[in-house]
Amino acid sequence: MTGDRVGSGRRGELAVVVQPVGRADPAVEIIRHALAKGVLRLVDSEPAARVGSDPEGVHQARVATRRMRSDLQTFRPLLDREWTAALRDELKWLGGELGRVRDLDVLRGHLEGCAATLDDRDQKALVPVFAAFDEQWTAARSRLDQVLGGTRYHALRDDLAAAASAPGVTHAALEPARDVVPPLVDKAWKRLRRSVRELPEVPSDEQLHDVRIHAKRARYAAEAVADAFGKPARRFAGAMGRLQETLGDHNDAIVAQEWLRAHAPDATAAETIYALGVLGGRFRNDATAARARFPAAWHDASRDRLRRWL
C-alpha cells in the first residue's frame, strides 16, 4: 500500500484520511478504507443536512450511516464483536433519526409528482392532505435538528473517525484481502439468492421488501471493496443496484398507499376522499408495474459472470 492521501474531511478537530488499497493488502486496510469513506460522506453531508433546505443533505447522511452499518455487518467475521455491536447500535439510532425526515422527503416527491397529474379540482381537494403532511414533516425536521446538534451525535461522529483509523479486528483481518474478502461478499449474495428462492409464486409486499434489503446489502458489500477489486466488483454492485431500484419503486408505491390509508379517515369532504382514491389507484398501478419488472431484474442480477471474482 502506498499510503498516499486520496481524500480527507475535517469538522473542528475531526479528521479522516482515505488510503488507497489493493487486493494484496491485509483485509484490515479494506476495512479502514471503507469506514473512512463512510465517515467522509457523513461529515461532508452534515452542513446540508443541518440547513434542511436541500433534501439531498439528509439523503446523503442517511446513505453514509446505512453504508457504514452495512460495512460493519459485511466485515463482521474480521471484527471484534463487542466493538462492532456498539457502533452498529449507534448507527442504527442515527439512521432512524435521519430516516424519519428522509422517508417523508421521498414520500413528498411521490405524492406531489402524482398529484400534479390530476386535474385542478382534484389537486385543490388535496390541499388539506398536504397541509397535514407538512405538519408531520416539520415535526420530524425539528427532531432531527436537535439530534444533529446533540452530544450523542457528536460522540458517535468521533467514535466513527476513531474506528476508521483503528478498527477493532481479529487476526483473520491481517490476512491478504484477496483471500478473505471475496467470501464475505459472496455471503451477502447467497443471502439475497436464498431470499428470492424462498419467495412464493405471488410474494407479499413484505417479502419483496425483504429481498430489496438483501439486494442493498449485497450492493453495499461489493461497493465497500470495489476500490481494491476493481471492475468485477463494480459490475456486480451495479447489477445489485438495478435490482434494488426496481424493488425500491415497488416499496415507494406501497409506502405511499399506506400513508394515504392512514390519513384518509381524517378527510371529510367528498372531493378530498375522491381525490385520495384516485391518488391511491395511481400508486397501486405503480406497485403492480414494479412487480412485473422484478423477474427480469432478478434474471439480470443473477448472471453467473457477475460473480466470477468471488
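Above this text is the structure in question.
Residues numbered from 1 in each chain as written. Predicted model: local features only at pLDDT ≥ 70, side-chain atom pairs only at ≥ 80, totals over all residues. Heavy atoms only, no water.

A.B. asks: Please clarify how the pattern of salt bridges should be interpreted in this entry.
C.D. replies: It is possible for side chains bearing opposite charge to pair when their charged atoms get close. Counted according to the given criterion, the structure contains 19 salt bridges. Among the salt bridges present, the one from Arg32 reaches Glu29, with a minimum N-O distance of 2.6 Å. Remark: Glu29 and Arg32 occur in helix 1 (residues 27–51); sequence separation between them is 3 residues, near one turn of the helix. Judged by its relative accessible area of 26%, Arg32 is partly exposed. Between Arg100 and Glu97 there is a salt bridge, and its shortest N-O distance comes to 3.0 Å. Within this pair, Arg100 and its partner Glu97 are both found in helix 3 (residues 81–115), separated by 3 residues, close to a single helical turn. With a relative accessible area of 40%, Arg100 lands in the partly exposed category. Because the salt bridges share partners, they merge into one network encompassing Lys37, Asp227 and Arg234. (Salt bridge = Lys/Arg side-chain N within 4 Å of Asp/Glu carboxyl O. Helix = DSSP H or I, 4+ residues; strand = E, 2+ residues; numbered from the N terminus. Buried < 20%, exposed > 50% of the residue type's maximum accessible area, 1.4 Å probe, protein only.)

A.B. asks: Would you explain the packing of aromatic side chains in this entry?
C.D. replies: When we look at a pair of aromatic rings, we describe it by the centre distance and by the angle of the planes. The full count for this structure, using the stated rule, is 5 aromatic pairs. Pairing Trp189 with Phe236 gives two aromatic rings, centres 6.3 Å apart and planes at 75°, and the pair type is edge-to-face. Residue Trp189 is found in helix 8 (residues 182–197), and its partner Phe236 is found in helix 10 (residues 231–263); the two are separated by 47 residues along the sequence. Each of the two residues, Trp189 as well as Phe236, counts as buried. Each ring, one from Trp189 and one from Trp298, has its centre 5.6 Å from the other, and the planes form 15°; the classification is stacked. Separated by 109 residues along the polypeptide, Trp189 in helix 8 and Trp298 in helix 11 (residues 270–301) bring together distant segments of the chain. Summarising the burial analysis for this pair, Trp189 and Trp298 share the class buried. The residue whose ring lies beneath Arg108 is Trp137, and the NZ or CZ to ring-centre distance is 5.5 Å. Sitting over the face of the ring of Trp93, Arg152 holds its NZ or CZ atom 4.1 Å from the ring centroid. (Phe/Tyr/Trp six-rings, centres within 6.5 Å; stacked < 30°, edge-to-face > 60°. Lys NZ or Arg CZ within 6 Å of the ring centre and 35° of its normal.)

A.B. asks: Looking at this structure, I do not really get helix 5 (residues 127–148). What am I missing?
C.D. replies: Working note: α-helix, 3.6 residues per turn, so residues spaced by three or four point in the same direction. Between the first and last C-alpha of helix 5 there are 31 Å, a value that for 22 residues agrees with the 32 Å anticipated at 1.5 Å per step. Val129, Phe130, Phe133, Trp137, Ala140, Arg141, Leu144, Val147 and Leu148 are the residues of helix 5 that are buried. When helix 5 is viewed along its axis, its buried side chains cluster within an angular range of 110° and face the same direction. Set apart from the buried face of helix 5 by more than 90 degrees, the exposed residues are Pro128, Glu135 and Gln146. In this fold, the buried residues of helix 5 make contact with helix 1, helix 2 (55–74), helix 3, helix 6 (151–165), helix 10 and helix 11. (Expected span 1.5 Å × (residues − 1). Arc of directions from axis to C-beta. Contact = heavy atoms within 4.5 Å.)

A.B. asks: Got a minute to help me understand the nonpolar core in this structure?
C.D. replies: Where a protein is soluble and globular, its nonpolar side chains tend to be buried together. Judged by nonpolar contacts, the single largest core of 93 residues is most densely connected at Phe75 and Leu192. Considering each element in turn, this core owes the most residues, 12 residues, to helix 1. What Phe75 contacts, discounting residues up to four positions off in sequence, is Ile30, Ile31, Ala34, Leu184, Ala224 and Val225. (Core = buried A, V, L, I, M, F, W, Y, C linked by side-chain atoms within 4.5 Å.)

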